[in-house]
Amino acid sequence: TRPIRIAPSILSADFARLGEEVRAVDAAGADWIHCDVMDGHFVPNITFGPDVLKAIRPHTQKFFDVHLMIAPVDPYVEAFAKAGADLISFHVEAGPHPHRTIQAIKAQGKQAGLVLNPGTPAGAVEALIADVDLILLMTVNPGFGGQSFIRSVVEKVSQVKALIGDRPVTLEIDGGVTPETAPLVVKAGADTLVAGSAVFKGGPSAYAGNIDAIRKAA
Ligand code: DX5
Ligand code: ZN
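Every value quoted in this text rests on a predicted model; they were computed, and no experiment measured them. (Residues numbered from 1 in each chain as written. Chains lettered and ligands numbered in written order. Predicted model: local features only at pLDDT ≥ 70, side-chain atom pairs only at ≥ 80, totals over all residues.)

### Some points on helix α5 (residues 153–164)
And step 1. Look at α5: 16 Å from first C-alpha to last across twelve residues, which is about the 16 Å you get at 1.5 Å a residue.
And step 2. Of the residues trailing α5, G165 is marked for its positive phi of about 60 degrees. (Helix = DSSP H or I, 4+ residues; strand = E, 2+ residues; numbered from the N terminus. Expected span 1.5 Å × (residues − 1).)

Shown next, in the form of structure tokens:
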């Protein structure tokens, strides 16, 4: 079986203790740290920007998977790159020039990821797939943690997996991932799972068990 990567979303962490929370999920076995950036415009919620990312960067050496739910994207790419992102993903729905955004991310020396909302068809990645490192399929409508997994997206996971073929492109899932839903998307071809509420529930002493439960179920 393929190794599955678990990327805890710090959206569900205690924001008053963010540095400690990042250390805690690192120690608990997180593979990546997923950072959800929301602007109150592209999505109906506001989280944090590059300065917060920069503040938590010294607390772990883990890969920073930065999920931008903002529009426009391009004016902020450099700031997130300099703040310590390893990979920057953005929504194909965020603007008319996604390929330009990929170029801007690559120009910063960072990996680029393309994100699709639940209502956007698999074909939206086709023309861009050769130029990205990751495709992220949302299994909730972006904006909030703790929402229910949208099952109809599982079919799209298989479709995008087929489009990826043997390219070295990561296929990531975000939203409502739990030990119950993880196997559905892994079976369809996902290799990286974001989980917020399912990792952070129960506080720091539960993180290792929560991460393990998702990994084992997947
Ligand atoms: C949703 C965010 C997700 C969210 C996942 O807009 O992009 O990363 O934090 O949270 P859960 O795992 O609780 O659905
Ligand atoms: Zn996310």
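### Side note on the environment of R215
And step 1. Position of R215 among the secondary structure elements: in helix α8 (residues 207–217).
And step 2. Along the sequence, R215 and P3 sit 212 residues apart, while their C-alpha atoms lie 8.9 Å from each other.

### Comments concerning the nonpolar core
And step 1. The biggest cluster of nonpolar side chains holds 67 residues, and the ones touching the most others in it are I33, V66, I88, I135, L137, L193 and I214.
And step 2. In terms of residues, this core owes the most to one element, strand β2 (residues 32–38), which gives five residues.
And step 3. Setting aside residues up to four positions removed in sequence, I88 forms contacts with V66, L68, V77, F80, A81, I105, K110, A112 and G113. (Core = buried A, V, L, I, M, F, W, Y, C linked by C-beta atoms within 7 Å. Buried ≥ 20, exposed ≤ 12 C-beta atoms within 10 Å, placed from the backbone. Contact = placed C-beta atoms within 7 Å.)

### Remarks on the site of ligand 1
And step 1. For ligand 1, the set of nearby residues contains 21 residues, the closest of which are S9, P142, G145, G196 and S197.
And step 2. Elements supplying a minimum of two residues to the shell around ligand 1: β2, β8 (192–195) and α7 (197–200). (Near = placed C-beta within 6 Å.)

### Quick word on unusual backbone geometry
The phi torsion of most residues other than glycine is negative, and most of the peptide bonds are trans.
And step 1. In this model, A71 is joined to P72 through a cis peptide bond whose omega is -5 degrees.
And step 2. Mapped onto the elements, P72 comes out in the loop between β3 (63–69) and α3 (77–83).

### Let's talk about the UniProt feature "active site" (unreviewed entry) in the chain
And step 1. Mapped onto the present numbering, the UniProt feature "active site" (unreviewed entry) falls at D36 and D174. Annotated residues spanning 139 residues; largest pairwise C-alpha distance 10.5 Å, indicating a single compact cluster.
And step 2. Tracing the chain through its elements places D36 in strand β2.
And step 3. What makes D36 buried here is the crowd of 24 C-beta atoms within 10 Å.
And step 4. Setting aside residues no more than four positions away along its own chain, D36 makes contact with S9, L11, T47, H67 and M69.
And step 5. Relative to the helices and strands, D174 is located in strand β7 (residues 170–174).
And step 6. Excluding its chain neighbours within four sequence positions, the residues that come into contact with D174 are H67, L136, M138, T139 and V194. (UniProt positions renumbered as here; feature names shortened; annotations may be inferred.)

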